[in-house]
Amino acid sequence: MRFVSAVLCAATIVGLASSTTHAQQRQTRFDTPAYGTEWSVTPQYQPSPETFTLELRVGAYTPADLGAPYYITFGGNLGPMIGAELDGHIVRVPYLGPIVVGVAFGWANWSSAAQAPGFTGAPVGSTGMSLVMFTGLLGWRIDGLSREFDIPLVFTPKIGIDAGYWQTGLEGVTQGGGWTVGFHWGAQVALELDFLDRRAAHRLDNAWGINHSEIFFEILGAEIGPFSSSMLPLSTSFTWCAGLGFTF
Amino acid sequence: MRRPARHGLFALALIATLGAPCIASANLTAISVGSFGTHMSVMPDLVMYPIGLNECLDTSVTIPITFTLTNVGTGTTVHYVDVWTANSPTVTCATGGIMGRGNTTTNICNHVSLPSDVNSFYGGTTFTMRVEPSQLFSGCSTTNTLTFFFFDVTSIGDNSTTFAAGSYQTLTITLNTTPPQTPTVNGPLAGDYTVEIPWSVDNISSLGIAGRVNVYVVGTGCTPVWPYADGAIPDASTDAFGTDVGLDMNVVGPDMGAVETGVSMDAGVDSGLDAGTDAAVYLSDAGTSIMQFPASSPIEFPTTLLGWQHGTYNNETVLLSVATVDTSGNTSAPSPAVCVQHVQAIGFWDRYCAAHGFANEAGAATPQCAQHFNGCACSIAGGQGDDRLLIVFGMIAGAFVFRRRRR
């Protein structure tokens, strides 16, 4: 009987040792990280610094000061003008938004059929004019509504200086060209798209550093060339553009 | 004793079938074709872009075919590259006898006779044979694709030996004698700085990757047709669609369209535009070729090539004809001639300069206009504008300074 007890005891010890070994193996497999660790380490969203805003735009541009020669030749040709703008955020006004300085580039082209003198029916080749515009500007991105009240609108007044290089030609031959400089103003309203999917916006920031993406509409005007008789007046008193913007 | 005897018989048979050409000659183990005429230096080019008729007839054009030889030996025996061509892609001229080169009944293989200074050599391991296309395509008469067999032999015209695979080389060459389609050109045309000639063929890609267009001046003095009353004769852009029945040059008279077989195309019946000049047109390229262009439409070239100057207009006219050239160098028949007139074109700049007193009597912008409005390298002389510019520059500069000081 004592022998039987001893055998049972030994078997129990062996069984316990075996189960202990299994328990240790399970712990070994799952002990690091512990259950739930992956959930607990999800970081809270920390927005990256906002330093620049990039805008890609397309709009209309009609150099109205060129007068009748322009309208007879090109009619109601609006261009279009396509371009891009990069603004650097230099200082942030509390609760309102950053003051920015930026540079912009735009290109517009107008073309139509050329005609014989006094004859309007048969085209003789083509005529065209192109304008490459470089702009330095100062603006104020008033994003207080979006940052403080979750109203996703940003308003940006701008002023700047323009330097445009124009060329005009006939039948592929350049007839004239030169630089024209002047002033520029603009007023932009942008709709930030973060509200459509905030998680996606945060992921975009984490992955690419893009804090906000937006669509915008801008009205603008330019006084270009009226300050010197040697410059071609390429002013437009009122026009528009629209596009996509990214703050990063 | 039996096994060695069988081996000996087998060896004799092997020598009889394969050994003879090996003893008599070296093996041609590689072949390459150098560039010639309009062709690149790769062999498929000869098939994709065949030899053209002009190349075939031009005795100054030779095809450089380079062979690499093995088993040349050290002797001074003169070797020959013997060339045969099969009359069918399924025939192999490597076979001697009735199944190949020796078949004198149906001549399924034909011997290509070459001068001895073309195909003879001795010594060395490479040999370049320069053969004229007309020596491969006798007469250059018809479009044909032939496979040529090249054998290294010590006697010309051997039609009995069967050459083993790897001891000879083949080359497939196509001769194309068919000229490309004659282009259609719609006129009349006019230009000031430049002339645009729209042309078309049914399949422009048939001209090949190196297709070109020749423009010929075939006469002068066609009746000025520009300007005409608005709408009386539709312009070139509408003529292409055949919507202008009855008035433009293409319709009147028998000569616009199909190429004629005579010397004179029209005997002066079509609007008086080409009387006496079409003879030059049909004498295929007898006119002066003024330029060759890539095969894209429209052709555009400066009117200075015709001796015309912008700003001077004396109703200058010229008859132009266009011909297509395919990659093989075959040239089409010239298109019916079209009248091109030098006319003044008015563009934006002419109008703007005229409005500001910088135009000549004809209404064309003068050079002084461009000089006046060139912006003077952005130097603004006096005026209120200077101050405003300085203010904006100052604001931007101040902003940068402010930001740097904050840091």
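Check the entry above for the structure.
Residues numbered from 1 in each chain as written. Chains lettered and ligands numbered in written order. Predicted model: local features only at pLDDT ≥ 70, side-chain atom pairs only at ≥ 80, totals over all residues. Heavy atoms only, no water.

*Asks:* Outline the overall build of chain B, supporting the account with residue identities and numerical values.
*Replies:* A tally of helices and strands in chain B yields 10 helices and 18 strands. Counting the 407 residues in chain B, one finds 43% classified as buried. When contacts within chain B are restricted to residue pairs at least 6 apart in sequence, long-range pairs at least 24 apart make up 70% of them. Of the accessible surface of chain B, which amounts to about 19,900 Å², a share of 57% is contributed by carbon and sulfur atoms. (Helix = DSSP H or I, 4+ residues; strand = E, 2+ residues; numbered from the N terminus. Buried < 20%, exposed > 50% of the residue type's maximum accessible area, 1.4 Å probe, protein only. Contact = heavy atoms within 4.5 Å. Areas by Shrake-Rupley, 256 points an atom, 1.4 Å probe, with all protein chains shown as cover.)

*Asks:* Give me the sheet that holds strand β3 (residues 63–70) of chain B: which residues, what numbers.
*Replies:* All names here are of chain B. Across the sheet, which stays open at both edges, the 3 strands sit in the order β1-β3-β7 with antiparallel pairing between neighbours. In the strand order of this sheet, the two ends are held by β1 (27–33) and β7 (126–131), each with one partner. Taking the axes of each pair of neighbouring strands and ignoring which way they run, one obtains an average angle of 25° across the sheet. Of the pairings in the sheet, the one linking β1 to β3 comprises 6 bridges and is antiparallel in character. Note that in β3 the partner of Ser 32 across the bridge is Thr 66. (Pairing = 2+ DSSP bridges. Axes fitted to C-alpha atoms, helices over the stretch in contact; angles between N-to-C directions.)

*Asks:* Kindly report on the pairing of strand β4 (residues 79–86) of chain B, identifying the contributing residues and their values.
*Replies:* Residue and element names in this part refer to chain B. Across the 8 residues of β4, 7 count as buried, placing the element largely inside the fold. Sheet topology places β4 next to strand β6 (residues 120–121); 2 bridges connect them, and they run antiparallel. If you follow His 79 over to β6, its bridge partner there is Phe 121. Sheet topology note: the β4/strand β8 (residues 144–153) ladder contains 7 bridges and is antiparallel. In the strand pairing of β8, Val 83 is matched with Phe 150. Pairing of β4 with strand β5 (residues 109–112), which is carried by 4 bridges, proceeds in the antiparallel orientation. Of the residues in β5, the one forming a bridge with Thr 85 is Asn 110.

*Asks:* Lay out the nonpolar core in plain terms, naming residues and giving numbers.
*Replies:* Within the largest apolar cluster, 31 residues are counted, with the highest numbers of intra-cluster contacts made by Ile63(B), Ile65(B), Phe67(B), Met129(B), Phe148(B), Phe150(B) and Ile173(B). Counting only elements with at least two residues in this core, the list comes to β1, β3, β4, β7, β8 and β9 (169–176) of chain B. Residue contributions to this core peak at 4 residues, all from β3(B). Non-local contacts of Phe67(B), meaning those with residues more than four positions away in its chain, are made with Leu28(B), Ala30(B), Ile31(B), Val81(B), Thr125(B), Thr126(B), Phe127(B), Met129(B) and Phe150(B). Of all hydrophobic cores here, the second largest spans 23 residues; its members include Phe74(A), Trp110(A), Trp166(A) and Cys353(B). (Core = buried A, V, L, I, M, F, W, Y, C linked by side-chain atoms within 4.5 Å.)

*Asks:* Let's hear about the side chain of Gln169(B): which residues, and what values?
*Replies:* Residues and elements named next belong to chain B. Inspection of the secondary structure puts Gln 169 in strand β9. A polar side-chain atom of Gln 169 sits 3.0 Å from the main-chain carbonyl oxygen of Leu 28. A distance of 3.3 Å separates a polar side-chain atom of Gln 169 from the backbone oxygen of Thr 29. Discounting chain neighbours no more than four positions away, the residues touching Gln 169 are Leu 28, Thr 29, Ala 30, Ile 31, Phe 148, Phe 149 and Phe 150. (Polar contact = N/O pair within 3.5 Å; in protein donor to acceptor, adjacent residues only side chain to side chain.)

*Asks:* Mind laying out the pairing of strand β1 (residues 52–59) of chain A, listing which residues take part and the relevant values?
*Replies:* Residues and elements named next belong to chain A. The two faces of β1 differ: Thr 53, Glu 55, Arg 57 and Gly 59 on one face are buried, but Phe 52, Leu 54, Leu 56 and Val 58 on the other face are not. Pairing of β1 with strand β8 (residues 236–247) involves 7 bridges; the strand directions are antiparallel. In the sheet register, Leu 56 faces β8, and the bridge partner there is Leu 244.

*Asks:* I'd like a description of the sheet that holds strand β5 (residues 153–170) of chain A, backed by residues and values.
*Replies:* What the 8 strands build is a closed barrel, ordered β1-β2-β3-β4-β5-β6-β7-β8 (chain A); its pairing is antiparallel. Strand-to-strand twist in this sheet, taken as the mean axis angle between neighbours without regard to direction, amounts to 25°. Inspection of the sheet shows strand β4 (residues 123–140) of chain A paired to β5(A) by 13 bridges, in the antiparallel sense. Bridge pairing links Leu131(A) to Trp166(A) in β5(A). Lying on the sheet, helix α8 (residues 348–355) of chain B is in contact with β3 (97–115), β4, β5 and β6 (173–192) of chain A; it crosses β5(A) at an angle near 90°.

*Asks:* Describe the state of the cysteines, and please don't skip the residues or the numbers.
*Replies:* Residue and element names in this part refer to chain B. Taken as a whole and assessed by the stated rule, the structure comprises 3 disulfides over all chains. Linked covalently through their sulfurs, Cys 56 and Cys 140 form a disulfide whose S-S length is 1.9 Å. The disulfide joining Cys 56 to Cys 140 has a torsion of about -80° about its S-S bond and is therefore left-handed. Here the residue Cys 56 occupies a position in helix α3 (residues 53–57), and Cys 140 occupies one in the loop between α5 (133–136) and β8, the gap between them amounting to 84 residues. Like Cys 140, Cys 56 is buried. The partner cysteine of Cys 93 in its disulfide is Cys 109, sulfur to sulfur 2.0 Å. Because the sign of the S-S torsion sets the handedness, a value of about -100° for the bond joining Cys 93 and Cys 109 places this disulfide among the left-handed ones. Of the two residues, Cys 93 is situated in the loop between β4 and β5 and Cys 109 in strand β5; the sequence distance between them amounts to 16 residues. (Disulfide = S-S within 2.5 Å.)

*Asks:* Which residues make up the side chain of Asn119(B), and what values do they have?
*Replies:* Considering the arrangement of structural elements, one finds Asn119(B) in helix α4 (residues 116–119). The exposure class of Asn119(B) is buried, given its relative accessible area of 4%.

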